[in-house]
Amino acid sequence: SLTKMMSEDEVLQRPDDGCYVQGLFMEGAAFDVERSVLVRQQPKVLVQELPIMQIIPIELSKLKLQGTIRVPIYVTQDRRNAMGVGLMMEADVRTVDHPSHWILQ
């Protein structure tokens, strides 16, 4: 899940579960840090830096989320590296819009 922390200086302790990841960017949408929700991107802003993400590994069969959309996280902005591999993982991001709104963006 995306936290409200934008800088590693704001991290005061290790998470109880998982780990923190910094340096992620979003393309095609924006993230409202105050409301912790996916929003439309501002005009002419193509890429937005994301807050620090807490990654908690869990079996997919045990994951029961509502009000989220699953988004891909790539290794590079090109969505692939020199070997043609790019998808690192998928993350669930909170949204108030129906998932179809984001799929058609």
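Our subject in this report is the structure included herewith.

Definitions and limits used
Residues numbered from 1 in each chain as written. Predicted model: local features only at pLDDT ≥ 70, side-chain atom pairs only at ≥ 80, totals over all residues. Heavy atoms only, no water. 1 Å grid on protein atoms, 1.4 Å probe; cavity = no way out; pocket = protein on both sides within 12 Å on 5 of 7 lines; lining within 4 Å. Points joined across faces, edges and corners; volume = space filled by probe spheres on them. Helix = DSSP H or I, 4+ residues; strand = E, 2+ residues; numbered from the N terminus. Nonpolar A, V, L, I, M, F, W, Y, C, P; charged D, E, K, R; others polar.

## Let's talk about the layout of surface pockets
Then, in step 1: As a volume, the largest pocket reaches approximately 750 Å³.
Then, in step 2: Considering the residues around the largest pocket, the lining is formed by 28 residues, among which Phe-25, Met-26, Glu-27, Pro-72 and Tyr-74 are closest to the centre.
Then, in step 3: At the level of secondary structure, the elements contributing two or more residues to the lining of the largest pocket comprise strand S2 (25–27), strand S7 (68–74), strand S8 (87–94) and helix H1 (99–103).
Then, in step 4: Ranked by the residues each element gives to the lining of the largest pocket, the list is headed by S7, at six residues.
Then, in step 5: Class assignment of the residues belonging to the lining of the largest pocket gives a composition of 20 nonpolar, five polar and three charged.
Then, in step 6: If you go around the second largest pocket, you meet 21 residues; those closest to its centre are Ser-1, Ile-56, Leu-65, Ala-91 and Asp-92.
Then, in step 7: Elements represented by at least two residues in the lining of the second largest pocket include exactly strand S6 (53–55), S7 and S8.
Then, in step 8: Its residues assigned to classes, the lining of the second largest pocket comprises 13 nonpolar, four polar and four charged.

Nothing here speaks to function; it is all geometry.
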